[in-house]
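Here is what each chain is made of, one letter per residue.
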Amino acid sequence: MLKKIITTAAAAFTVSLLTGAGGTQPALTGKLMYHSYSSYEARDSRLYVYDCKEKTSRCINDEITGVYDLMNGNFGCSPDDIVFMGLTGTGNNADWNIYRYNLRFHTLADLVPDSGLREEDVKFSPDGCTVVYKQGRWDHIGSTMRYNIAALDLITGESRLITDDDDEESMPYFTSDGQSVLYTKGTGADSGIYMKNIYPGDEKCLYDPDDICAYYPVVHNDRICFTAWNRSDNHNDGIFRYISEYLPAQAVITDPGFNCSDACFVDDTDIIISSSQNGHYDLFAVNTDNDAKTELCDVNSQLNELGADYFDCDKYYETAEGMKNWLLGVSGQMPEGGDVDMDGKITVRDYCLLGGQ
């Protein structure tokens, strides 16, 4: 594989979470989903949804049966629609599967039942009609597991591979237009951030320098962030932003003394990250413009809090109300974000996809 060789002056962009914060701290009024565990190997992960406005929390593990070690949750088009990965079985017979759960009606669905495959890292498309995930299957010829990126149509139930090669691919995330998927290619120091159209198309390398581990891409509008080692000789993780092929890695949050990983966007400037600065992973809200930061003490514990995802409920209810008024002819103002399926118009289908009541 021809790798893009990139040299980043990370120190020039370094923002330390240990320095004093300034400016306005991010305001969180939506819903925050994350998982908490003692260690990945302990298989004791619990998935939480925290209402930042009401300051109430619910543990999804306590609401379902038959699945445990829940993690890596992701919101769909409504604050009630989530997907996540979880284990079934025990010991060597434990298998990862992906699930969809409705927080309002308490309905759980195994998205790929009886597949005989391993499914992880599930994420919604922007219109909520498709999920992408990491699929693992045994290669009898090579006598090894192969991991590629797959897509599942939630309407038809049909699944297909987006990538199909010998490299391990994981942690997929849709672009904002729903036409392409970003993902991690490779493992450890031989990993990078790549992108591919969900339909047949060429694979594009965004960031893959030698001797650097890069993973966990996330997207908000035209912004892309990912986690990567600070340097080849400092394996603490930092949060980086992809700008262009000429500046593929601008450091956002890094520190040589601890890890900063698992970014999720709140809006164009605010992100939530997991940082190990307290000796274990805790969640922090960070304003990337002025380094203002807030430790999320209401959700942090002595365990490891990771895999955050945030849903802007205020924007959702405003959009849903605007769509209803538009469709009923009460308002002549087309609501921003109302074209959920991105077909150029707002219809009842868009309102249903948004989960409007």
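The notes below deal with the structure included here. All chains use their own residue numbering, which begins from 1 and follows the written sequence. A pLDDT threshold of at least 70 governs which residues receive local features in this predicted model, and a stricter bar of 80 or more applies before side-chain atom pairs are shown or counted, although totals over entire chains, interfaces and linings include all residues. Excluding hydrogens and water, the side-chain values take into account all heavy atoms of the structure.

## Some remarks on the pattern of salt bridges
Two side chains bearing opposite charge may form a pair once their charged atoms approach each other closely. The rule for a salt bridge is simple: a side-chain nitrogen of Lys or Arg has to be within 4 Å of a carboxyl oxygen of Asp or Glu. Considering all chains together, one arrives at 15 salt bridges under this definition. Residue aspartate 164 pairs with arginine 146 through a salt bridge whose shortest N-O separation is 3.1 Å. Of this pair, aspartate 164 sits in the loop between β11 (159-161) and β12 (169-174) while arginine 146 is found in strand β10 (residues 144-153), placing the two residues 18 residues apart along the sequence. The closest approach of N and O atoms between aspartate 165 and lysine 185, which form a salt bridge, is 2.9 Å. Of this pair, aspartate 165 sits in the loop between β11 and β12 while lysine 185 sits in strand β13 (residues 180-187); the two residues are 20 residues apart in sequence, bridging distant segments of the chain. Accessibility expressed as a relative area gives 22% for aspartate 165, which makes it partly exposed. Counted as one network, the salt bridges with shared partners bring together Asp165, Asp167, Glu169, Lys185 and Glu203. The way it works is that DSSP assigns letters per residue, a run of H or I at least four long becomes a helix, a run of E at least two long becomes a strand, and they are numbered from the N terminus. Per-residue accessibility, obtained with a 1.4 Å probe over protein chains only, is compared with the maximum for each type, and a residue is labelled buried under 20%, exposed over 50%, and partly exposed between these values.

## With respect to empty space enclosed by the protein
Note on definitions: the grid is 1 Å and covers protein atoms alone; a cavity is a set of points where a 1.4 Å probe fits but cannot get out; a pocket is an open set with protein on both sides within 12 Å along at least five of seven lines; lining residues have an atom within 4 Å of a point. Grid points are joined across faces, edges and corners, and a volume is the space filled by probe spheres set on the points. Considering all chains together, one arrives at 2 cavities of 30 Å³ or more under this definition. Roughly 40 Å³ of volume is contained in the largest cavity. In terms of lining residues, the largest cavity is bounded by Gly73, Lys123, Tyr173, Tyr216, Val218, Ala263, Cys264, Ala308 and Asp309. Where the lining of the largest cavity is concerned, the elements lending two or more residues are β16 (214-220), β20 (260-265) and β24 (304-311). Gly falls in the polar group here, along with every residue not listed as nonpolar (Ala, Val, Leu, Ile, Met, Phe, Trp, Tyr, Cys, Pro) or charged (Asp, Glu, Lys, Arg). The residue makeup of the lining of the largest cavity, split by class, is 6 nonpolar, 1 polar and 2 charged.

## So, the sheet that holds strand β6 (residues 95-102)
Pairing is antiparallel in the open sheet, where 4 strands are placed in the order β4-β5-β6-β7. Single-partner strands in this sheet number two, and they are β4 (68-75) and β7 (107-110). The average undirected angle you get between the axes of adjacent strands in this sheet is 30°. Where strand β5 (residues 81-88) meets β6, 8 bridges bridge the pair, whose relative direction is antiparallel. In this scheme, strands are said to pair when DSSP sees at least two bridges between them. Note on definitions: angles span 0 to 180 degrees between N-to-C directions of axes, and those axes are lines fitted to C-alpha atoms, for helices only across the stretch in contact.

## Some details on the side chain of lysine 123
Relative to the helices and strands, lysine 123 is located in strand β8 (residues 118-124). Counted charges follow a simple rule, with Lys and Arg positive, Asp and Glu negative, and His plus the chain ends left uncounted. Buried lysine 123, no salt bridge; nearest opposite-charge side chain is aspartate 121, N-O distance 6.2 Å. What lysine 123 contacts, discounting residues up to four positions off in sequence, is Asn72, Asn74, Thr130, Val131, Val132, Pro172, Tyr173 and Phe174. Note on contacts: a residue pair is in contact if any heavy atoms of the two residues lie within 4.5 Å.

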